[in-house]
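Observations on the three-dimensional arrangement
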Amino acid sequence: MYYGSGNYEAFVRPRKPKDVDKKSAYIVGSGLAALSAACFLVRDGQMQGEKIHVLEKDPIPGGACDGYQYDSVGYVMRGGREMDNHFEVMWDLMRDIPSIETEGLSVLDEYYYLNKDDPNFSLMRATKERGKDGETNKQFAISDKAAKQIMDLFFTPDEELYDKRIQDIWDDEVFGSNFWLYWRTMFAFENWHSALEVKLYLKRYIHHIEGLPDFKALRFTKYNQYESMILPMIKYLESHNVNFVYDCHVVDVKFDINGDRKQAKKLVYKSSEGEKTIELTENDLLFITNGGCVENSTMGSQNSVAEFKPELKEGGGWDLWKRIAAQDDSFGHPEKFCYDPEQTNWMSATVTTLDDKIPPYVQKICKRDPFTGGVVTGGIVTVKDSSWLLSWTFNRQPQFRTQKDDQLVGWIYGLFTDVPGDYIKKPMRDCTGKEICMEWLYHMGVPEEQIEELAENSANTVPVMMPYITAFFMPRAKGDRPLVVPEGSVNFAFLGQFAETPRDTIFTTEYSMRTGMEAVYTLLNVERAVPEVWASTYDLRDLLHSSYALRDGKKITDMQMSMMEKMALKKVLKKVEGTDLEKLLKEHKLI
Ligand SMILES: Cc1cc2nc3c(=O)[nH]c(=O)nc-3n(C[C@H](O)[C@H](O)[C@H](O)COP(=O)(O)OP(=O)(O)OC[C@H]3O[C@@H](n4cnc5c(N)ncnc54)[C@H](O)[C@@H]3O)c2cc1C
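Read on for an overview of the structure. (Residues numbered from 1 in each chain as written. Predicted model: local features only at pLDDT ≥ 70, side-chain atom pairs only at ≥ 80, totals over all residues. Heavy atoms only, no water.)

1. Focus: the site of the ligand
This is how it is decided: Any residue with a heavy atom positioned within 4 Å of a molecule or strand is treated as near that molecule or strand. Each polar contact in these results corresponds to two N or O atoms within 3.5 Å; when the atoms are within protein, one needs to be able to donate a hydrogen and the other to accept it, and residues that are neighboring in sequence are counted only if both atoms are side-chain atoms. Note on areas: these come from Shrake-Rupley sampling with a 1.4 Å probe, and a residue is covered only by the protein chains present in the view. Strands are runs of DSSP state E lasting at least two residues, helices are runs of H or I lasting at least four, and both sets are numbered from the N terminus onward. Classes in brief: Ala, Val, Leu, Ile, Met, Phe, Trp, Tyr, Cys and Pro nonpolar; Asp, Glu, Lys and Arg charged; the others, Gly included, polar.
The full set close to the ligand counts 38 residues, and Glu56, Ala64, Arg81, Glu82 and Ser512 are the nearest of them. For the ligand, an oxygen atom lies 3.4 Å from a polar atom in the side chain of Asp58. Compared with its free state, where it exposes 1000 Å², the ligand has 97% of that area covered by protein. Broken down by secondary-structure element, the contributors of at least two residues to the shell around the ligand are helix H2 (32-43), strand S9 (249-258), helix H11 (317-325) and helix H16 (509-524). Each residue belonging to the shell around the ligand can be placed in one class, and the counts come to 14 nonpolar, 17 polar and seven charged.

Written out as structure tokens, the structure is:
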């Protein structure tokens, strides 16, 4: 497997890999990583679909990418995905996955046209004091000291950030800024999470810095991601006769490790037929989704709590990874990510409005009619002064194909689940859907005497607790995540958010899909480059422009500097006078 960029390799159709007709594949999980691996096996590996077996413990596919209407509970989507035009692997695949919505279009076409015609941006990024404008005014509002802390992190080598927390690196200069408000709520970072991950995000999305305050950097699918992404992939794979086995818990994998040679030999799974073992030869490729951000997630309802149940059990992603990791150090260290769910949990709640009473409050804040089918909030609205640090969003409606025309389905989430709310004086994790809705309505500015009535009769709210949702943000060091294909592997690969691939950032659809592509390309030796992670961090234009944007348009000469620094800067500017560098600095308004 090797990386490339540009059109030369992007458009080549790889020749059939040697001996692929002798091979078969077993894929553990049916999340985006696993489904991508299956698609790449079919499209580029040219493996017969009948020889690909997807083993999923849940009754339906999709993993973290959900979106269902549960009988007598209502609509539920644990999350909504903010996505990027530079998800290179994702678009490489999605251009070949037919849309299930419009005949003749690919999923990429559908997404492209939608976001072209109706670009995303927010008209209210944050609120305060019960529905008033949070007055972030598209500013990052960082001090010169904070700018320096951010820049220092940007240039710190990864190795120096191993096992460090964000709060070890930054202080209130950064934490008190709008920058951090945007960042932590958009990406779900807590101050105790990994400093390395923040650095990787900064580098990965440096081209988007200007678009963060109002989310013009973001793009969204038409419906929830189960309907807009998972279902088309499933249809594509089913059309190639890929075999899906649901309610199938893979409980163990046994490896034969002989010096540097590592081979997966046995796959043990439990299903309604009891425990079974599949013997694996060198020609049986095994793809394992290890760990999982939605493992142990629980669902409540309008009148019940989503219980916090972090105990790890046999047949789950964490237990499986622990058993695998015990067999070789190169298989990673799961305990680094899952040892303390208090540091990795948060909750979301899906709210469905049932009549015309709540939508005007939504409209007042987002400044758009939510029923037009176009962008509504344009990304999350953060309630700056909420104890739970609530954010909420309504994407284009309908979010579900079965949704009624006069209903809105939106999403609320809180980063702090263990502290009392501001109206409901209970921690979010002890609240029913109705109570979470009441807290939200309070912060939307609904008169207090109407709050309970509206939460009870004008909405249905379903909470979800996810104890390991940010497990991948826990501080880590080299080797804590196994390489996608560990050294010496003959027939197996790791997939998903806890497999290591350089430069990309976890908690993204792209990261999972990239691991799927890299795994297939490595194990089958596919003769085509995997598109490298978008290289904006090496693009001087993006670096200059982000410096300008991050400092809210101030020039470099406006920075507080010592006399010595001022003189040094003067010398540099003198040196670049009359060069292209000076032109670039001017173009990006830095001088
Ligand atoms: C709330 C939320 C918000 C998000 N927001 C964004 C966003 O804004 N932008 C973005 O790009 N991404 C976002 N993501 C991330 C993205 O959706 C996920 O990273 C991605 O979907 C994960 O896919 P995966 O295949 O790696 O893992 P998963 O989807 O977790 O799939 C793993 C699968 O393996 C199965 N499995 C586990 N163990 C076993 C076993 N032992 N036997 C059989 N099956 C097993 C699981 O049931 C699951 O189906 C968000 C995710 C969530 C949950």
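2. Notes on the pairing of strand S19 (residues 492-495)
Threshold: Buried, partly exposed and exposed residues are distinguished by accessible area as a fraction of the type maximum, computed with a 1.4 Å probe on protein chains only: under 20%, between the cut-offs, and over 50%, respectively. Should DSSP find at least two bridges between two strands, the strands are taken to pair.
Side chains Phe492 and Phe494 of S19 all project onto a buried face; the interleaved residues Ala493 and Leu495 project onto the opposite face, where all are buried too. As paired elements, strand S12 (residues 284-289) and S19 share four bridges and run parallel to each other. If you follow Leu286 over to S19, its bridge partner there is Phe492.

3. Description of the layout of surface pockets
Going by this rule: Within this scheme a cavity is a closed region of a 1 Å grid, computed over the protein atoms alone, that accommodates a 1.4 Å probe without allowing it to escape, whereas a pocket is open but has protein on both sides within 12 Å along at least five of seven lines; lining residues each have an atom within 4 Å of a point. Grid points are joined across faces, edges and corners, and a volume is the space filled by probe spheres set on the points.
Roughly 950 Å³ of internal volume is contained in the second largest pocket. Forming the walls of the second largest pocket are 30 residues, and the residues nearest its centre are Met151, Ser547, Arg551, Ile556 and Met559. Within the residue set of the lining of the second largest pocket, elements represented by two or more residues are helix H5 (144-154), helix H17 (540-550) and helix H18 (563-576). It is H5 that contributes the most residues to the lining of the second largest pocket, seven residues altogether. Taken together, the residues of the lining of the second largest pocket break down into 22 nonpolar, three polar and five charged.

4. Considerations on the environment of Val520
Rules: The criterion used for residue contact is that any of the two residues' heavy atoms lie within 4.5 Å.
With respect to the helices and strands, Val520 occurs in helix H16. Residue class for Val520 comes out buried when judged on its relative accessible area of 0%. Between the C-alpha atom of Val520 and that of Gly211, which follows or precedes it by 309 residues, the distance is 34 Å. Each residue touching Val520, except ones within four places of it in the same chain, is listed here: Ala37, Phe40, Leu41, Phe287, Asn525 and Val526.

5. Concerning the sheet that holds strand S18 (residues 459-466)
What counts, and what does not: Axis geometry follows a simple rule: fit a line to the C-alpha atoms, using only the stretch in contact for helices, then measure angles between N-to-C directions, giving values from 0 to 180 degrees.
On the basis of which strands lie adjacent, the open sheet formed by eight strands has the order S7-S6-S15-S16-S17-S14-S18-S13 and mixed pairing. Of all the strands in the sheet, just strand S7 (132-133) and strand S13 (298-299) have a single pairing partner and so form its edges. Inspection of the sheet shows S13 paired to S18 by two bridges, in the antiparallel sense. Paired with Thr298 across the strands is Met465, a residue of S18. Across the face of the sheet, helix H14 (residues 433-444) comes into contact with strand S14 (346-353), strand S15 (381-383), strand S16 (390-393), strand S17 (409-414) and S18 while running at roughly 105° to S18.

6. Some thoughts on the sheet that holds strand S8 (residues 243-245)
Here we have five strands laid out as an open sheet, ordered S8-S3-S2-S12-S19, and parallel in their pairing. Only two strands of the sheet have a single neighbouring strand rather than two, namely S8 and S19. When the angles between neighbouring strand axes are averaged without regard to direction, this sheet yields 15°. Helix-sheet contacts for H16 involve S12 and S19, and the interaxial angle to S19 is about 170°.

7. Structural notes on unusual backbone geometry
Note that the residue after Gln397, namely Pro398, is joined by a cis bond; omega there is 0°. One can find Pro398 in the loop between S16 and S17. For Lys367, which is not a glycine, the phi torsion comes out positive at approximately 65°. Of note, Lys367 is situated in the loop between helix H13 (359-366) and S15. Taking relative accessible area as the criterion, Lys367 reaches 48% and is therefore assigned partly exposed. Not every positive phi belongs to a glycine, and Leu389 is a case in point at roughly 50°. Among the structural elements, Leu389 can be located in the loop between S15 and S16. Assessed through its relative accessible area of 4%, Leu389 is described here as buried.

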